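Here are the chains, one letter per residue:
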Amino acid sequence: MMAEVRKNRDDFVWRYISNPEELYIIRMSAMQRFLVDFQKGKEEGRYRYEMLPSLSFKDKEFDIVLSSHFLFLYTKHLDEEFHKDAICEMLRVANEVRIFPLVTLSGERSSYVDSVIKYFKRQGYACKITKTDYEFQKAGDEMLSIMS
Ligand SMILES: C[S@@+](CC[C@H](N)C(=O)[O-])C[C@H]1O[C@@H](n2cnc3c(N)ncnc32)[C@H](O)[C@@H]1O
């Protein structure tokens, strides 16, 4: 990952994170914190293996579902139907779904964003795009909220 980041340095905004070396330290420390907690978290049921577009949780079990760097990012690999099904399922288990960012791996706004918003608005959900302070992937500073 570091080799790719260094090669494509100009695709990122080095403001929040100043350089690839700092990125490495932040990511490694997050990974360490996760690994130290993983076994205990699994035993306590805080980490669960799930795979969209289907989740084992109960209807409205959560207030909110966050999806980060998965939907929209892989627009080239996952079709529009998958995006709609995955979001429907997340809305089944929570009142609100937030998706970040709205850009694809190549940095342009996903072509699914408009049709996803239209689709969920038609079903009575409120949809809102918020600009975020955090921007690491260039133009990746927008979040979509879909609320019942
Ligand atoms: C680029 S990573 C993002 C990880 C993390 N959310 C983040 O923002 O750092 C994409 C993640 O999507 C997960 N993923 C892949 N297919 C999935 C699916 N069908 N349902 C849910 N998650 C999936 C992968 O396991 C991987 O952790």
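Anything mentioned here points back to the structure above.
A brief look at the structure comes next. (Residues numbered from 1 in each chain as written. Predicted model: local features only at pLDDT ≥ 70, side-chain atom pairs only at ≥ 80, totals over all residues. Heavy atoms only, no water.)

Once that is clear, we can look at the site of the ligand. In the region of the ligand, the neighbouring residues are Met 51, Leu 52, Ser 68, His 69, Phe 70 and Tyr 74. In the model, an oxygen atom of the ligand is placed 3.1 Å from a nitrogen or oxygen of the His 69 side chain. About the coverage of the ligand: the protein hides 46% of its 590 Å² of free accessible area. For the shell around the ligand, the per-class residue count stands at four nonpolar, two polar and no charged. (Near = heavy atom within 4 Å. Polar contact = N/O pair within 3.5 Å; in protein donor to acceptor, adjacent residues only side chain to side chain. Areas by Shrake-Rupley, 256 points an atom, 1.4 Å probe, with all protein chains shown as cover. Nonpolar A, V, L, I, M, F, W, Y, C, P; charged D, E, K, R; others polar.)

Moving on: the pattern of salt bridges. Summed over the entire model, instances satisfying the criterion amount to 14 salt bridges. The closest approach of N and O atoms between Arg 6 and Glu 21, which form a salt bridge, is 3.4 Å. Remark: Glu 21 occurs in helix α2 (residues 20–43) and Arg 6 occurs in helix α1 (residues 2–7); sequence separation between them is 15 residues. Given the relative accessible area of 43%, Arg 6 is considered partly exposed. A salt bridge links Arg 98 to Glu 96; the nearest nitrogen and oxygen atoms lie 2.7 Å apart. (Salt bridge = Lys/Arg side-chain N within 4 Å of Asp/Glu carboxyl O. Helix = DSSP H or I, 4+ residues; strand = E, 2+ residues; numbered from the N terminus. Buried < 20%, exposed > 50% of the residue type's maximum accessible area, 1.4 Å probe, protein only.)

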